[in-house]
Every structure is written in structure tokens, then in C-alpha cells.
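Report on the structure
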Amino acid sequence: MRRVVVVLGLVSGLLAPTVVAAPESKLIPFWDASDESNQSTIDHSEWQELLDKYLHEHPSGINRFDYEGLKEAPDDFESLVDYLLRLSDLDPRTLSKSEQLAYWINFYNALTVYVVTGRYPVKSIKDIKSGTFDFGPWNLKLANIQDQPLTLNNIEHGILRPIWKDGRIHYALNCASLGCPNLAKQAYTSANVEELLEKGAREYINHSRGVSIKNNRLTVSSIYDWYRDEFGDSNEGVLAHLLEYAEPELAEQIKRFDKYKHEYDWKLNAP
């Protein structure tokens, strides 16, 4: 299927390296370039149309994606493929940093939807195995941009994290699980990326999967354990980050604690 492409073949069973919970943030130097004089923008309307049609708000506060519906709609699935191929034909290094940030977030999220839809039904993205003892598709080479093969881990840990050094990126990337921050209802653009990052942080922290207090114990998402170094690299740093976005009532409760436990729900964010 041209270039993004190999995804279905890879997901069908070729082996990939073992996936770890939180790979090191290590820059891939090839991608560390931008052109701030370039004012051009990318059209993400195909992705927006798919979000409008298949991403649904849920009473639980966790957005659900209708993978089954997308899989049963060949024209829409082809639209997703075409969108990924169109993005893969671009050289993001020629764009401004803000345009690149939106590009990579949308590409990551759309590629995740593509992988899960291609293997649906699964109960968890971790069920998309790349080997007998491996789980998840994160180290599969799913795309080729500027002759550079890329995995989801490459995009997150080799591009987004080391270049932008912004913990809020974790509120934008969706891993198709109930425990992760919501897949945003809006496609990211250079014009709205700052607003959506702030919105994602605030909504996640003020939802029980981000922060909850039960039996006089503070429980936070495992995101704050996996990426602790990006949230102050200490209990105090994590708690300070949570307080920055917590609503007043929750903030007062958080202030009672100096330690916490963490948990994460890997069940698929399907309806």
C-alpha cells in the first residue's frame, strides 16, 4: 500500500524490537531543523472529518473512537491512508516549529488509529503483538518520511520529546487506551496547538484517570511515573505540575499529600 503502507503487513506478524513502557528521550538529529520564515500551513481537513465522524464524547469523560465503524467504511479508511501518505510526502523540516508540532501530533494519532483499525477487534493496543514476548505496535516501522523509516516510538521519543521538551505533549498523544489523555476532537494546527495542549492538561488532571483520591490515598496516572523527568523529576515536581492545572477543590486535596501511587488502564478506547 505504497509507503505508510507496510503498516498492515507489519501488523500482520513481522517481528519488531521489544517495547518498553517509557523509552529514553533521545534526539534523532535528522529531524532537528525548521524554517521559521516559512509561513505555510498544512491542511488537516481529512483527519478532522474522520474525527468528526468516528470520535465520540462519552459520559465517562473519556472520548471513544469507533474503530469498528471505520473498518467497515472502506472509503473512510482509504481517506485515512491518503492523509497519512500525504503527510509522509512532506518534509516537515521545512516548516516552522509550531507547524511541525501540529504535524507530528496529528501524524502520530492518525497512525495509531490506522494500526488499531487494521487489527480490530482487539481489547487493547498491547494485544497487537510484534513477537511472542512483545506487545504493542510502538517499535514497528510504520512509515517512511524523507527516506527515514519511522516508528511511533521514533516520533514520540526521538522527535517530539527531545525537540520540544514540553511535558504537555503527553496530553496530546493518544495511545488508544482508556488510561491515556483524550484523543482531541480537533485536529492540531499551528494556530490551536498551544490552546489544545493547555486544554488537554487541564482536562486530564481533573479527570479521575489523571488524578484521584480514594481511601485517603492519592493515585495519579502512570504517565507521571514513566515521564517523571518531564514533570519535575520528583514527587514535589509532579505534584506542583498537577496543582498548576487542578481545579480549586482538587488542588486543596492534592496539597494534603507528598507521595502517591500510580495506575493506568490499557483497555481500548472503543465505544
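For every chain, the first residue of the written sequence is number 1, and numbering continues from 1 along that sequence. For a predicted model such as this one, the threshold for reporting local features is a pLDDT of at least 70, and the threshold for listing and counting side-chain atom pairs is 80 or more; totals across whole chains, interfaces and linings nevertheless cover every residue. Side-chain measures were taken over the full set of non-hydrogen atoms in the model, leaving aside hydrogen atoms and water.

1. Considerations on the side chain of His 207
Position of His 207 among the secondary structure elements: in the loop between helix 7 (193-205) and strand 5 (211-214). We define a polar contact as two N or O atoms separated by no more than 3.5 Å, with the added condition that, inside protein, one atom must be a possible hydrogen donor and the other a possible acceptor, whereas residues neighbouring each other in sequence contribute only through side-chain atom pairs. One polar contact links His 207 to Arg 209, side chain to side chain, over a distance of 3.0 Å. Every residue pair with non-hydrogen atoms within 4.5 Å of one another is taken to be in contact. Leave out the neighbours within four places in its chain, and His 207 touches Ser 60, Gly 61 and Ile 62. For the purposes of this entry, the term helix denotes a DSSP run of H or I that reaches at least four residues, the term strand denotes a run of E that reaches at least two, and both are numbered from the N terminus.

2. Topic: the environment of Lys 53
Positionally, Lys 53 belongs in helix 2 (residues 45-54). It is 9.5 Å that separates the C-alpha atoms of Lys 53 and Asp 76, two residues lying 23 residues apart in sequence.

3. Points about the environment of Pro 137
Within the secondary structure layout, Pro 137 lies in the loop between helix 5 (97-119) and strand 3 (143-145). Throughout this description, buried means an accessible area under 20% of the type-specific maximum (1.4 Å probe, protein chains only), exposed means over 50%, and partly exposed covers the range between. On the accessibility criterion, Pro 137 (0% relative accessible area) is buried. Residues contacting Pro 137, with those up to four places away along its chain left out, are Val 115, Ile 125, Ile 128, Leu 142 and Leu 152.

4. Here we look at the environment of Asp 265
Relative to the helices and strands, Asp 265 is located in the segment after strand 7 (261-263). Look at Asp 265 and you get partly exposed, because its relative accessible area is 27%. In the structure, Asp 265 is positioned 87 residues away from Leu 178 in sequence and 5.6 Å away in space, judged by C-alpha atoms. With residues near it in sequence (within four places) discarded, Asp 265 still touches Ser 177, Leu 178 and Gly 179.

5. What about a positive patch on the surface?
On the surface, Lys 214, Arg 217, Lys 259 and Lys 261 cluster together into a positively charged patch. Tracing the sequence through the fold places Lys 214 in strand 5. Exposure above 30% relative accessible area and the absence of a salt bridge qualify a residue for a patch, where like charges join within 9 Å and nonpolar side chains (Val, Leu, Ile, Met, Phe, Trp, Tyr) within 5 Å. Here the open area of atoms and residues is found with the Shrake-Rupley method and a 1.4 Å probe, where only the protein chains shown may cover a residue. Salt bridge criterion: a side-chain nitrogen from Lys or Arg within 4 Å of a carboxyl oxygen from Asp or Glu. Positive charges come from Lys and Arg, negative ones from Asp and Glu, while His and the chain ends are left out of the count. Charge placement uses NZ in Lys and CZ in Arg. For Asp and Glu, CG and CD serve respectively.

6. Quick look at the pattern of salt bridges
As enumerated under the stated definition, the model contains 11 salt bridges in all. One salt bridge connects Lys 199 with Glu 203, and the closest N-O pair in it is separated by 2.7 Å. Of the two residues, Lys 199 and Glu 203 both sit in helix 7, 4 residues apart, roughly one turn of that helix. Since its relative accessible area comes to 40%, Lys 199 is described here as partly exposed. One salt-bridge network, held together by shared partners, links Asp 166, Arg 168, Glu 194, Glu 198 and Arg 202.

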